[in-house]
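Read off the chains here:
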Amino acid sequence: MSHATSLPIVVWFRDDLRVSDHPALTAAAATTAPVIAVYDLDEESPGLRPLGGAARWWLAGSLRALARDLRARGVILVLRRGPAARVIPDLVAETGAVEIVWNRRHDPAAAAVDEAVADALTARGIGVATFQASLLTEPDQLRTKAGGPFGVFTPFWRALLARPAPRAPLPAPTAMQGFDGVGSERLEDWRLEPTVPDWAAGLRAEWTPGETGAQDRLARFLDAGLAGYATLRDRPDRTNTSRLSPHLRFGEISPFQVWDAAMLARDTRRGGATAADIDKFLSELAWREFSYHLLAHTPDLATRNYQARFDAFPWRSDPDGLRAWQRGRTGYPIVDAGMRELWTTGWMHNRVRMVVASFLAKHLLIDWREGERWFWDTLVDADPANNAASWQWVAGSGADAAPYFRIFNPVLQGEKFDPDGAYVKQWLPALRGLPAKLVHRPFEATPDELRRAGVALGDTYPRPLVDHRAARERALAALAETRTS
Ligand SMILES: Cc1cc2nc3c(=O)[nH]c(=O)nc-3n(C[C@H](O)[C@H](O)[C@H](O)COP(=O)(O)OP(=O)(O)OC[C@H]3O[C@@H](n4cnc5c(N)ncnc54)[C@H](O)[C@@H]3O)c2cc1C
């Protein structure tokens, strides 16, 4: 990279909305050239999936935070909108920049856009440098012994651990030289946040998008959540998971930073976490890596069964069932609580995600892609790799998928992982009067018990949409059909 030049260098921000551990920004700062930071809202390039509503809300907050953090270092964040293959070369031409840097993306559609932009700029003599920042191990760095991509998590995880330890995170550049005179669109004009109706109050109450919010969340987790993670991470009534997922999704924190902080916590015994807690947490981070590995090698993971035999699966068309599931009105409290948590906060606990996804795909026999789409629109952490891979995993059609005969019993799942019903009662106030032994099975309460709890089934809380046993038999029959087809 050239040095001591007065011609500007462009840093193209994408899913890496932070200033620390940002190798592209660090490289630009090291040149001493004036720095132009740009974010391009690209909803037009072929194959790029537009963000859902909750993620758009998040993006607005994240860009505001990034603009603030860059401004404090002397750099303006330039906002542009349109297909990157036009917008980025235009910006380079307009500013007379001779170099551009960015951190690599691994969603194949986004990677294809990046490649086209790099080719166009290189052909014009612009220097292009790209960096590893968003994954500990990029998809092509890990191969099975036979040379192919991994399709099973455990050997993938072992291979990841066998590689050299992840690099140490980079500090944020201090002051940089900015570049004046380049126009920016206004964030408000992008209308990323809802106005009428403003459904984002629950999101605002729960989250602080941006790098500072991410670092605060990590610190809180290390102090008061990581200890016990190995055993309590499945409990939605506890706060033992990090809630870093939207921050990781938008790259407000890097996996290198999370890894490093967890390893340091191991050495210092911060918060009282054990080695088992830390190993488990790091392995979950590796599931994110695995999802990206799968997506990189299976670009249509969100739309096509990973296992082709599922193409013959007899999905049902059931718009009423789908709507009841989306609204949290299935009559199974753990499912409904999860769907209300999602609707209100844009997030749902992992165990509950598994239960609600299983309920949709197996109890209702509704195509997992319907669920994937709903999550895409409502999750603040909606992620092209994690969402698609996880939905396929639960439906049984995915890589290293749950065995086809595993059909979660929503009552038993609730009783096991929310034993006092605290989680259910938080999201379903109508059930607050029920004792713990009935809160996951209100339909088994006697009329007297219901009356005492102030619950009117079919009125204040729905009756079950399907009978668990019958739904289970139906799902097993459908799955057996697929198995032999
Ligand atoms: C049906 C379904 C859909 C999902 N959709 C998404 C999604 O769109 N975006 C998303 O980030 N995660 C998704 N997940 C995975 C998981 O539920 C979330 O990553 C996790 O709940 C986030 O909470 P946390 O940050 O507190 O996780 P922690 O337990 O603190 O884990 C730390 C980080 O590891 C990663 N991680 C943890 N569990 C998984 C997992 N099972 N698969 C992949 N990465 C994982 C996440 O980046 C997470 O932030 C989905 C899971 C299911 C079952």
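For the structure, check the block above.
Think of each chain on its own: its residues are numbered from 1, step by step along the sequence as written. The predicted origin of the model limits local features to residues at a pLDDT of at least 70 and limits the giving and counting of side-chain atom pairs to 80 or more, whereas totals for whole chains, interfaces and linings rest on all residues. Here the side-chain values reflect all heavy atoms present in the structure, with hydrogen atoms and water set aside.

Considerations on the overall build of the protein chain
Formally: In this description a helix means any DSSP run of H or I spanning at least four residues, a strand means any run of E spanning at least two, and both kinds are numbered starting from the N terminus. As defined in this context, the radius of gyration uses C-alpha atoms, and a globule is described by 2.2 Å times the residue total to the power 0.38. Throughout, exposure labels follow a simple rule: accessible area from a 1.4 Å probe, protein chains only, divided by the maximum for the residue type, with under 20% read as buried, over 50% as exposed, and the rest as partly exposed. Two residues qualify as a contact provided that any one of their heavy atoms is within 4.5 Å of a heavy atom in the partner residue.
Looking only at helices and strands, the protein chain features 21 helices and five strands. Relative to its length of 485 residues, the protein chain is compact, with a C-alpha radius of gyration of 24 Å against a globular reference of 23 Å. Structurally, the protein chain occupies a C-alpha span of about 80 × 50 × 45 Å along its principal axes. Residue burial in the protein chain is summarised as follows: out of 485 residues, 56% are buried. In the protein chain, the proportion of contacts linking residues at least 24 apart, taken out of those at least 6 apart, comes to 80%.

Brief notes about unusual backbone geometry
The amide bond that connects V196 to the next residue, P197, takes the cis arrangement and shows omega of -5°. Examined against the element boundaries, P197 turns out to sit in the loop between α5 (153–162) and α6 (201–206). A positive phi is found at D21, a non-glycine position, where the angle reads about 45°. Checked against the element boundaries, D21 lands in the loop between β1 (9–13) and α1 (23–31).

A closer look at the sheet that holds β1
We count it as follows: For two strands to count as paired, DSSP must find a minimum of two bridges between them. Where helices are involved, their axes are fitted lines through C-alpha atoms of the stretch in contact, as for all axes, and angles between N-to-C directions lie from 0 to 180°.
Pairing is parallel across the open sheet formed by five strands, whose spatial order is β3-β2-β1-β4-β5. Strand pairing shows two members of the sheet lacking a second neighbour, β3 (77–81) and β5 (127–131), which therefore form its edges. Strand-to-strand twist in this sheet, taken as the mean axis angle between neighbours without regard to direction, amounts to 25°. The sheet contact formed by strand β2 (residues 35–41) and β3 spans five bridges and is parallel. Within β3, the position partnered with L41 by the bridge is R81. Taken strand by strand, helix α2 (residues 53–71) contacts β1, β2 and β3, and its axis lies near 145° from that of β3. The strands touched by helix α3 (residues 84–95) are β1, β2, β3 and β4 (99–103); relative to β2, the strand with the most contacts, the crossing angle is about 155°.

Structural notes on the packing of aromatic side chains
One pair of aromatic rings is described through two measures. These are the centre distance and the angle between the planes. Short version of the rule: Two aromatic rings, drawn from Phe, Tyr or Trp (for Trp, its six-membered ring), form a pair once their centres lie within 6.5 Å of each other, and the interplanar angle then sorts them: stacked below 30 degrees, edge-to-face above 60, tilted otherwise.
If you walk through the whole model with that rule in mind, you get 25 aromatic pairs. With a centroid separation of 5.5 Å and an interplanar angle of 70°, the aromatic rings of Y332 and F443 are classed as edge-to-face. Pair noted here: Y332 is in the loop between α12 (319–327) and α13 (333–345) and F443 is in the loop between α19 (436–439) and α20 (447–453), with a separation of 111 residues, a long-range link. For Y332, a relative accessible area of 3% translates into the label buried.

A look at the site of the ligand
Test applied: Near, as used in this document, describes a residue that has one of its heavy atoms within 4 Å of the molecule or strand being considered. A 3.5 Å cut-off defines polar contacts: any pair of N or O atoms within that distance qualifies, except that in protein one atom must be a possible hydrogen donor and the other a possible acceptor, and neighbouring residues in sequence count only when both atoms are side-chain atoms. Only the protein chains shown count as covering a residue, and every accessible area follows the Shrake-Rupley method with a 1.4 Å probe. The nonpolar class holds Ala, Val, Leu, Ile, Met, Phe, Trp, Tyr, Cys and Pro. Asp, Glu, Lys and Arg form the charged class, and all remaining residues, Gly among them, are polar.
Near the ligand there are 27 residues, and of these Y229, T241, S242, R243 and N350 occur at the shortest range. A distance of 3.4 Å separates a nitrogen atom of the ligand from a polar backbone atom of R288. Burial of the ligand by the protein amounts to 96% of the accessible area it has alone, namely 820 Å². Of all the secondary-structure elements, those providing two or more residues to the shell around the ligand are α9 (245–249), α11 (275–297), α14 (350–363) and α16 (386–395). Of the residues belonging to the shell around the ligand, the class tally is 14 nonpolar, seven polar and six charged.

Examining the packing of α5 against α11
Our working rule: Oblique is the label for every angle not falling under 35 degrees (roughly parallel), over 145 degrees (roughly antiparallel), or within 65 to 115 degrees (roughly perpendicular).
Packing of α5 against α11 brings their axes to within 10 Å, and their N-to-C directions diverge by 105°. The orientation of α5 relative to α11 falls into the category roughly perpendicular. Residues F153, F156, W157 and L160 of α5 form the contact with α11, whose own contacting residues are D279, L282, S283, A286, W287, E289, F290 and H293. A class-by-class count of the residues in the contact of α5 with α11 yields eight nonpolar, two polar and two charged.

A look at the pairing of β2
Regular strands show a simple pattern: their side chains alternate between the two faces of the sheet. Operational definition: Looking down the strands as they point away from you, a crossover is right-handed if its path from the first strand over the helix to the second goes clockwise.
When you tally the buried positions in β2, you get seven out of seven residues, the bulk of the element. Covered by surrounding structure in β2 are V35, A37, Y39 and L41 together with I36, V38 and D40, the residues of both alternating faces. Bridge count for β1 against β2 is five bridges, and the pairing is parallel. Bridge pairing in β2 links V11 to A37. After leaving β1, the chain enters α1 and then returns to the sheet as β2, a path that is right-handed. The parallel pair β2 and β3 is bridged by α2, and the resulting crossover is right-handed.

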